[in-house]
Amino acid sequence: MLISGVLSFGEVLAEKAARNTLVWFSALVIMASLLGKLGVTQFLAEVLGEFAFNIGFGEISIMMFLSLIFYIRIIFLHLL
């Protein structure tokens, strides 16, 4: 955007919220990739999958449960 002239360098420097968002998002992406490399996400998936299997939940019931929680949260946030 700087090369095409859409934004000036001063305008880019003035966007502190955008830079803050970029830094925090980058940190989240780095943490997620490191958790993946360390095998934490695979470990959690295996443990939670085994737990769900042991209590008798199948794939469909887990998806329905997660969807229900998601939509209840969305509705609750809209009521605030």
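Scoring rules and cut-offs
- Residues numbered from 1 in each chain as written.
- Predicted model: local features only at pLDDT ≥ 70, side-chain atom pairs only at ≥ 80, totals over all residues.
- Heavy atoms only, no water.
- Helix = DSSP H or I, 4+ residues; strand = E, 2+ residues; numbered from the N terminus.
- Rg over C-alpha atoms; globule rule 2.2 N^0.38 Å.
- Buried < 20%, exposed > 50% of the residue type's maximum accessible area, 1.4 Å probe, protein only.
- Areas by Shrake-Rupley, 256 points an atom, 1.4 Å probe, with all protein chains shown as cover.
- Lys, Arg positive; Asp, Glu negative; His and termini not counted.
- Charge placed at Lys NZ, Arg CZ, Asp CG, Glu CD.
- Phe/Tyr/Trp six-rings, centres within 6.5 Å; stacked < 30°, edge-to-face > 60°.
- Expected span 1.5 Å × (residues − 1).
- pLDDT = per-residue confidence, 0-100.
- Patch = residues over 30% accessible without salt bridge, like charges linked within 9 Å, V, L, I, M, F, W, Y side chains within 5 Å.
- Salt bridge = Lys/Arg side-chain N within 4 Å of Asp/Glu carboxyl O.

Let us now look at the overall build of the protein chain. Secondary structure summary: the protein chain contains four helices and zero strands in total. Walking the protein chain from its N terminus toward its C terminus, one meets helices and strands in the order α-α-α-α. Its C-alpha atoms give the protein chain a radius of gyration of 21 Å, more than 25% over the compact-globule value 12 Å for 80 residues. Per-residue burial for the protein chain yields a buried fraction of 1% across its 80 residues. Here the protein chain displays about 7400 Å² of accessible surface, and carbon together with sulfur accounts for 76% of that area. Measuring between centres, the 4 positive side-chain charges of the protein chain sit 15 Å from its 5 negative side-chain charges.

With that settled, consider the packing of aromatic side chains. Evaluation of the coordinates by the stated rule reveals two aromatic pairs. Both rings, one in F57 and one in F65, keep their centres 6.5 Å apart while their planes meet at 45 degrees; by these two values the pair is tilted. Accessibility expressed as a relative area gives 43% for F65, which makes it partly exposed. Each ring, one from F70 and one from Y71, has its centre 5.1 Å from the other, and the planes form 75 degrees; the classification is edge-to-face.

Moving on, we come to helix α2 (residues 16-38). When the terminal C-alpha atoms of α2 are compared, their 33 Å separation across 23 residues agrees well with the 33 Å that a helix rising 1.5 Å per residue should span. Once α2 ends, the next one or two residues include G39, with phi positive near 85 degrees.

Moving on, we get to the confidence of the model for the protein chain. Counting all residues, the mean pLDDT for the protein chain is 90, and 100% of those residues have values of 70 or more. By mean pLDDT, the top-scoring element of the protein chain is α2 (94), and the lowest-scoring one is helix α1 (residues 9-14) (85).

What follows covers a nonpolar patch on the surface. Taken together, the side chains of L35, L38, V40, F43, L44, V47 and L48 make up a nonpolar region of the molecular surface, amounting to roughly 650 Å² of accessible area. Mapped by element, the contributors of at least two residues to the nonpolar patch are α2 and α3 (40-54). Top element by residues in the nonpolar patch is α3. It accounts for five residues. Within the element layout of this structure, V40 appears in helix α3.

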